[in-house]
Amino acid sequence: SAAALAALRRRDGARGGRAAMAAEAGKECAAEVVSLIEEGKVQNSNDYQRYGMQAGFLWAGQDVAEDKFAYGLIGNRDARGQEWNFDPLKLTERCPQYLPWFREAELKHGRVAMLAFVGLIVPEFGRIPGPEYCYEASIVEATSKCWYGTFDKEFTTVGTDSALLFGQNGPMVQVLGFLAVVEFCGTYAKLMQGNVTLEKAGDYQLGLNFLPKDEAKAEDMKLKELQNGRLAMMAFMGALTQAQISGNGFPWLFSAEPAGRRGAGLASGAAPAGQHFASGRTPAVARRADGGYKMSKAVPFLPVSPALEGYVGEEDGFDPMGFSLALDIRWLREAELKHARVCMLATVGWIATDMGLRVPGEPFQVSTLEAHDAMVKFGAMPQMLVWIGYLEMFSFLAINTSMEGKTDRQPGDYGLRLLYPKDEQGQYDMQLKELRNGRLAMLAFSGIVTVAALSGKTWPFFATPEPRVCGAAPAVGAGARLCGGQERQAARGGAVAAQAERSRSLPFLPKPENLAGFVGEEQEFDPLGFSDTFDMHWLREAELKHGRVCMLATVGFFSQQYITFPGFQETPDALKAVYTAPIPAMALLLFLAGWIESSSYGGKITMLDMFEKERTPGDFNFGAGFLRGKSDKEVYDMKLKELNNGRLAMLGFSGMVHHNLVVNGPLFPLFPEGWAGPQGSWKVTGFTESFAAGAGGILK
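Residues numbered from 1 in each chain as written. Predicted model: local features only at pLDDT ≥ 70, side-chain atom pairs only at ≥ 80, totals over all residues. Heavy atoms only, no water.

Engineer: Which residues make up the overall build of the protein, and what values go with them?
Structural biologist: Assigned secondary structure in the protein consists of 22 helices and 2 strands. By the burial criterion, 31% of the 700 residues in the protein qualify as buried. Taking as baseline every contact in the protein between residues at least 6 positions apart, the subset at least 24 positions apart corresponds to 61%. (Helix = DSSP H or I, 4+ residues; strand = E, 2+ residues; numbered from the N terminus. Buried < 20%, exposed > 50% of the residue type's maximum accessible area, 1.4 Å probe, protein only. Contact = heavy atoms within 4.5 Å.)

Here it is, written out as structure tokens:
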């Protein structure tokens, strides 16, 4: 093997040289490999394939990096530039001679999947004119219905024999014929010319003018295409599965009345498998003390889990199921505190509503037991879930970064310190009380719901006078607090862990590292860590552009109700203006937006090349006169105000859009006269349905 490797390395003359030198090096290498095989010096088939493959590449004049993963193919780096070398099936070792084919197939499938995913979404907004049996079918049924035409009312589609009998084929046959021509002129031609190689895999000489001139940036763009293609393949399979299960179009979510089930689907009898989060440590079954097991104080016939050591409540020793021995204690404590806090609020809320406390409005005058179903019908529950999901995203980031060691945050700590003791003992006592009260609340709430459902009565679930409904909601005490900050008990008298490099705006997340030198860095706001993955110049450019557009959009959204341009239809609801505006005006608007977007950068509109001349993000040399004669501090303050106002405008515009969707009307009055709640005006499929209904005459 060593002799063969030495022979393979005698290919320096082929690097960057002429084809004759490469061919000569390949012949020499191949001859030596054959002689080594005959002498029995090649140990296994993997060596044979690897050396033979390298000899073949040298014969073709290619430079092979045998010391790199997959012989130097692009794609073994993640978004942070670190190598991951993903090859679970060991194809690079078992079948190295097929690597060019693997990459060719991967790129082709990835590109097709990217187009296919877009193709799954576009039919929800508009269809190509054509026979209804095919062009109006759902994405799940489109393939089968477009094979053959429909000829009578008794059969939805005609089988193969009947279709041949009638002599009519569907559009799918034409599509396959076109694909066959493309495949014959593309991959087959490359194969015949010997161009299916490591260097030319997936290269069809298309779009080369979009590649940056810089070699490193060109490689980055190829890597992004490869990774986006991989993501698209997964996304396409997931979208098809979700469409089949839910029976709905984009965004393929479940609803009370699906658009139509396509057969039994996958929903029948498919139960989700539980997930197991393995702990990073596997301690012993129990800790020994004085020659025996230390028994739990809460459950005295069971031993204490050693994983509880150092956490608040360890003196109770409560873990009868031994979860802390199988799962990460940090994740368990985070989940316990979150459930406990929710149940403490839920218990108070249940009792308060049973005693007569109500939100004003007819839809809210229902019993506590009926409240959930009533709010689902009323339409308020989806909005609550959206906001809860938004908070959960930040909660996930908090526990994830702490478990990765990026912060010293303790489970349950969200940086809230209202009425929090200053001394360590007081902090520990409050945390212990919160933990115990939360555990009690989880049991109490479960019992309250069970008794209420079985008895049909209100709290306290035994004979009492009828509760008197309050005329006005009494003030709720403001003493509710989330203690958080679980501190280890290993040293009671020790100092509380320092808040090491935490974000100023979100103290339960780490401080972003790549904001230095940019306006607004003092706020330290980057919860999703975009600045760790993407170019900060490009992120700031996008933020400023979105902020400026939204500042204009909020003014336009407000003015739409009161101002109408000549030739336009009066439309108080700004969300409906896009459907009522004249088509030439919308076309002109799109053209101007595209022209401004492309001409502003001189045709360089990707993050790889738009900052090649060290341009300041957001600087289009527009309005620079307002900054002349001002000091650096004044210029910085003005830029900071623009950034903050833009962020506020993005939130404000989102709120305006949400308001009009909920009330199904204009921005003012905020609550239309006689409005009885969402009740169908805000639903998952509302956007696509309204778009299709409003633009049907244009797109269909």
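Past the structure itself, the notes keep going.
Engineer: Please provide a residue-by-residue account of unusual backbone geometry, values included.
Structural biologist: Note that the residue after Trp459, namely Pro460, is joined by a cis bond; omega there is 5 degrees. Within the secondary structure, Pro460 sits in the loop between helix 16 (424–455) and helix 17 (536–559). Cis rather than trans, the peptide bond between Phe668 and Pro669 has omega equal to -5 degrees. If you trace the backbone, Pro669 turns up in the loop between helix 20 (632–663) and helix 21 (686–694).

Engineer: Can you explain the state of the cysteines? Please cite residues and give values.
Structural biologist: In the structure shown here, the tally under the stated rule is 1 disulfide. Bridging Cys134 to Cys146, the disulfide has an S-S length of 1.8 Å. Judged by the sign of its S-S torsion, about 90 degrees, the bond between Cys134 and Cys146 is right-handed. Residue Cys134 is located in helix 6 (residues 132–135), and its partner Cys146 is located in the loop between helix 7 (142–145) and helix 8 (160–166); the two are separated by 12 residues in the primary sequence. (Disulfide = S-S within 2.5 Å.)

Engineer: Describe a nonpolar patch on the surface, naming the residues involved and giving the relevant values.
Structural biologist: Taken together, the side chains of Val386, Trp387, Tyr390, Leu391, Met393, Leu528, Phe530 and Phe534 make up a nonpolar region of the molecular surface, amounting to roughly 800 Å² of accessible area. With respect to the helices and strands, the residue Met393 is situated in helix 15 (residues 381–403). For Met393, a relative accessible area of 32% translates into the label partly exposed. (Patch = residues over 30% accessible without salt bridge, like charges linked within 9 Å, V, L, I, M, F, W, Y side chains within 5 Å. Areas by Shrake-Rupley, 256 points an atom, 1.4 Å probe, with all protein chains shown as cover. Salt bridge = Lys/Arg side-chain N within 4 Å of Asp/Glu carboxyl O.)

Engineer: Now, about helix 5 (residues 99–121): what can you tell me, with residues and values included?
Structural biologist: With 23 residues, helix 5 should cover 33 Å at 1.5 Å per step; its first-to-last C-alpha distance of 33 Å lies within 8% of that length. Restricting attention to buried positions, one finds in helix 5 the residues Leu99, Pro100, Arg103, Glu104, Leu107, Gly110, Ala113, Leu120 and Ile121. (Expected span 1.5 Å × (residues − 1).)

Engineer: How would you explain helix 17 if you had to name every residue and give the values?
Structural biologist: Given a rise of 1.5 Å per residue, 24 residues ought to cover 34 Å, and the 34 Å separating the end C-alpha atoms of helix 17 matches this to within 8%. Listed in full, the buried residues belonging to helix 17 are Met536, Leu539, Arg540, Glu541, Glu543, Leu544, Gly547, Cys550, Thr554 and Phe557. Where helix 17 is buried, its residues contact helix 20. Measuring from the backbone nitrogen of His537 back to the side-chain oxygen at the start of helix 17 gives 3.1 Å, which picks out Asp535 as the cap. (Polar contact = N/O pair within 3.5 Å; in protein donor to acceptor, adjacent residues only side chain to side chain.)

Engineer: If you had to explain the packing of helix 17 against helix 20 to someone new, which residues and values would you point to?
Structural biologist: Where helix 17 meets helix 20, the axes come as close as 7 Å, and the angle between the chain directions of the two elements is 50 degrees. The angle between helix 17 and helix 20 falls in the class oblique. For the pair helix 17 and helix 20, the sense of crossing is left-handed. For the pair helix 17 and helix 20, contact is made by Arg540, Glu543, Leu544, His546, Gly547, Arg548, Cys550, Met551, Ala553, Thr554 and Phe557 and by Glu642, Leu643, Asn645, Gly646, Arg647, Ala649, Met650, Gly652, Phe653, Met656, Val657 and Asn660, respectively. Looking at the contact of helix 17 with helix 20, its residues break down into 11 nonpolar, 7 polar and 5 charged. (Axes fitted to C-alpha atoms, helices over the stretch in contact; angles between N-to-C directions. Parallel < 35°, antiparallel > 145°, perpendicular 65-115°, else oblique. Left-handed = near helix turned anticlockwise from the far one by under 90°. Nonpolar A, V, L, I, M, F, W, Y, C, P; charged D, E, K, R; others polar.)

Engineer: How would you summarise the confidence of the model for the protein if you had to cite specific residues and measurements?
Structural biologist: Of the residues in the protein, 71% have a pLDDT of 70 or more, and the chain-wide mean is 74. When mean pLDDT is taken per element in the protein, helix 13 (residues 329–354) scores highest with 93 and helix 22 (residues 696–699) scores lowest with 38. Across residues 57–61, where pLDDT falls below 50, the model places 15 contacts with residues more than four positions away in sequence or in other chains. Note on residues 150–167: pLDDT under 50 across the span, and 14 contacts to partners over four residues away in sequence or across chains. (pLDDT = per-residue confidence, 0-100.)

Engineer: Which residues make up the pattern of salt bridges, and what values do they have?
Structural biologist: Per the counting criterion, the structure on display carries 20 salt bridges. Overlapping salt bridges bring together Arg103, Glu106 and Arg230 as one network.

Engineer: Which residues make up the packing of aromatic side chains, and what are the values?
Structural biologist: All told, the structure shown has 10 aromatic pairs when counted by the stated rule. Relative to Tyr562, the ring of Phe558 lies with its centre 5.6 Å away and its plane at 50 degrees, an arrangement referred to as tilted. Owing to a relative accessible area of 39%, Phe558 belongs among the partly exposed residues under this scheme. Arranged with centres 6.1 Å apart and planes meeting at 70 degrees, the rings of Phe565 and Phe568 form a pair that is edge-to-face. Its relative accessible area of 34% is what places Phe568 among the partly exposed residues. Ring pairing ties together the aromatic residues Trp387, Tyr390 and Phe394, which thus form one cluster. Positioned above the aromatic ring of Tyr414 is the side chain of Arg409, whose terminal nitrogen or guanidinium carbon lies 4.9 Å from the ring centre. (Phe/Tyr/Trp six-rings, centres within 6.5 Å; stacked < 30°, edge-to-face > 60°. Lys NZ or Arg CZ within 6 Å of the ring centre and 35° of its normal.)

Engineer: Give a detailed account of the side chain of Glu541, specifying residues and quantitative values.
Structural biologist: With respect to the helices and strands, the residue Glu541 is situated in helix 17. A polar contact of 2.7 Å, which involves the side chain of Glu541, links it to the backbone nitrogen of Gly618. For Glu541, the contacting residues outside a window of four places in its chain are Tyr601, Met610, Phe611, Arg615, Thr616, Pro617, Gly618 and Phe620.

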